Amino acid sequence: MSRLKERLIERIKAQGPLTVAEYMTFCLLDPVDGYYPTRDPLGSDGDFITAPEISQMFGELIGLWALQSWMDMGKPEKVQLVEMGPGRGIMMADMLRAAQLDKDFLKAVNVTLIEASAALEAVQAKTLAAAPCPVSWAPDLASVAAGPIIIVGNEFLDCLPIRQFVQKDRFAGRAGWQERVVSYIDERLQYALSPVPLSDVVQASLPAAQKDAKIDELLEVSPAAAQVLDQIKARFETDKGRALFIDYGPAETEFGDSLQALKRHKKVGVFLDPGNTDLTARVDFAAFIEAAHSVNMRVTQPVEQREFLSKLGLEMRAMALARAVPESKAKIGRQLHRLTDDAEMGALFKAIAVQSGGMELPLGFKSFAEPLA
Ligand code: SAH
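Model, not experiment: these values are computed from the prediction. (Residues numbered from 1 in each chain as written. Predicted model: local features only at pLDDT ≥ 70, side-chain atom pairs only at ≥ 80, totals over all residues. Heavy atoms only, no water.)

## Some remarks on the pattern of salt bridges
Proximity of charged atoms lets side chains of opposite charge pair with each other. Inspection of the entire model under this criterion finds 24 salt bridges. Between arginine 7 and aspartate 30 there is a salt bridge; the shortest N-O distance is 2.9 Å. Placement of arginine 7 in helix α1 (residues 3-15) and of aspartate 30 in the loop between α2 (20-29) and α3 (51-54) is noted, with a sequence separation of 23 residues between them. A relative accessible area of 35% places arginine 7 in the partly exposed class. Given the relative accessible area of 7%, aspartate 30 is considered buried. A salt bridge links lysine 107 to aspartate 104, with the nearest nitrogen and oxygen atoms 3.8 Å apart. Separated by 3 residues within a single helix, lysine 107 and aspartate 104 lie in helix α6 (residues 103-108), roughly one turn from each other. Given the relative accessible area of 62%, lysine 107 is considered exposed. With relative accessibility at 46%, the residue aspartate 104 sits in the partly exposed group. Bridged by salt links that share partners, the residues Arg3, Arg7, Asp30 and Asp33 form one connected network. (Salt bridge = Lys/Arg side-chain N within 4 Å of Asp/Glu carboxyl O. Helix = DSSP H or I, 4+ residues; strand = E, 2+ residues; numbered from the N terminus. Buried < 20%, exposed > 50% of the residue type's maximum accessible area, 1.4 Å probe, protein only.)

See the structure below:
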């Protein structure tokens, strides 16, 4: 049994069940036994792989997106380029290589990485040792130097802790939801329902789609994602800015448990080996839009990764790379397939952007989401 599992069982015995969000936070971020702080989880001998790890083209196109965003802001003399959850720093390295297209942009850029894991921070420092602009780390957005800001995050939202609720009394509406918790029963970690009624604040945080739930349906909520949006909004009050997130999840709220644990690219039970398996949950893009609107922030409709990357010029970039290094043609074809095929990342993964007032639609998107009247 992992040391974290022992610790969690002791804690539940002494203090009662954990919310799913608390369980996720311990598993992913505990400084001593948590998943991210104790390893580099990416790559072929790791537990999962992400788009920037699949192909350099991904980060290069995000770099062009950032460059265009800087232009849309009126080419400010200084711009803070922030990445949330940068993993091994590969996306940022590829972004900065593409950014060299415009020397003025590169001169303006100051990179800040927001990373919860000291282990990964060390890897990022290595990857970006020769970066063509200053690179530093910050604990959160509020600590990033003032001025115009461009924020990016790939597979960042999916590892933020979610809470889960089950509808037990449809006729009670929002008050009919009960929280699912992690308990220790019959000598094992397992789910239970908390008998404690939800506070008004928590009831209000459930997305609008909660009203469509049937009895026993499960709904996931990401308070941490809403908090990130609050922080971004606070920043946009004083500075021009734009933020781009790419992640997996449906465009409309779906019911059901999506919390999954991955070990060596295979799904395993979420209670099997806490602290040693990756935990993620799909992103609810409709709820993300609601949360952005609730703080009066301009937000786009999500766009499928296939379409987003294509609009940024993925196919052309692939052809150029294949022409430059003909032996790599088959490999680049495979990368293209993984990033864009509907059965791979093409449709499940989506991009979404929020921005400060007065700016046009960001590159790669089709429309803004309009708040419900
Ligand atoms: N963006 C990278 C890595 C994705 S994995 C890629 O696409 O390859 C998730 C990343 O988010 C890791 O770097 C992890 O350590 C970091 N992370 C997880 N929770 C975080 C939090 N609350 N704050 C900051 N970083 C976090």
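On we go from here.
## Considerations on the packing of aromatic side chains
For the coordinates displayed, the defined rule picks out 7 aromatic pairs. A ring pair is formed by tryptophan 70 and phenylalanine 105, whose centres lie 5.2 Å apart and whose planes are at 50°; its orientation type is tilted. Of the two residues, tryptophan 70 sits in helix α4 (residues 56-72) while phenylalanine 105 sits in helix α6, which places them 35 residues apart along the sequence. Judged by centre distance (5.9 Å) and plane angle (50°), the ring pair of tyrosine 248 and phenylalanine 349 falls under tilted. You can see tyrosine 248 sitting in strand β10 (residues 241-248) and its partner phenylalanine 349 sitting in strand β16 (residues 349-355), a full 101 residues away along the chain. Each member of the pair, tyrosine 248 as well as phenylalanine 349, is classed as buried. Following the ring pairs from residue to residue traces out a cluster consisting of Tyr23, Tyr191 and Phe271. The ring centre of phenylalanine 171 lies 5.7 Å from the NZ or CZ of arginine 170, which sits over that ring. (Phe/Tyr/Trp six-rings, centres within 6.5 Å; stacked < 30°, edge-to-face > 60°. Lys NZ or Arg CZ within 6 Å of the ring centre and 35° of its normal.)

## Thoughts on the environment of lysine 13
Its location among the elements puts lysine 13 in helix α1. On the accessibility criterion, lysine 13 (54% relative accessible area) is exposed. The spatial distance from the C-alpha of lysine 13 to the C-alpha of isoleucine 185 is 9.7 Å, given a sequence separation of 172 residues.

## Quick notes on the domain arrangement of the protein
When its domains are assigned, the protein resolves into domain 1 (3-30 + 164-221) and domain 2 (38-160 + 226-249 + 284-355). In this structure, domain 1 and domain 2 have C-alpha centres spaced 31 Å apart. Counting from both sides, the interface comprises 5 residues of domain 1 and, opposite them, 7 residues of domain 2. Where domain 1 abuts domain 2, roughly 390 Å² becomes buried across the two surfaces, and 62% of that area is made up of carbon and sulfur atoms. The interface formed by domain 1 and domain 2 holds 0 salt bridges in total. (Domains from an automatic or database assignment. Contact = heavy atoms within 4.5 Å. Buried area = accessible area lost by both parts, 1.4 Å probe.)

## A look at the site of the ligand
With respect to spatial proximity, 19 residues lie near the ligand, and among them Thr50, Gly85, Gly87, Glu115 and Asn154 are the closest. Glycine 87 has a polar backbone atom sitting 3.0 Å from an oxygen atom of the ligand. At a separation of 3.2 Å, a nitrogen atom of the ligand approaches a polar backbone atom of alanine 116. Here the ligand has 570 Å² of accessible area as a free molecule, and 91% of this is covered by the chains. Residue composition of the shell around the ligand, grouped by class: 11 nonpolar, 5 polar and 3 charged. (Near = heavy atom within 4 Å. Polar contact = N/O pair within 3.5 Å; in protein donor to acceptor, adjacent residues only side chain to side chain. Areas by Shrake-Rupley, 256 points an atom, 1.4 Å probe, with all protein chains shown as cover. Nonpolar A, V, L, I, M, F, W, Y, C, P; charged D, E, K, R; others polar.)

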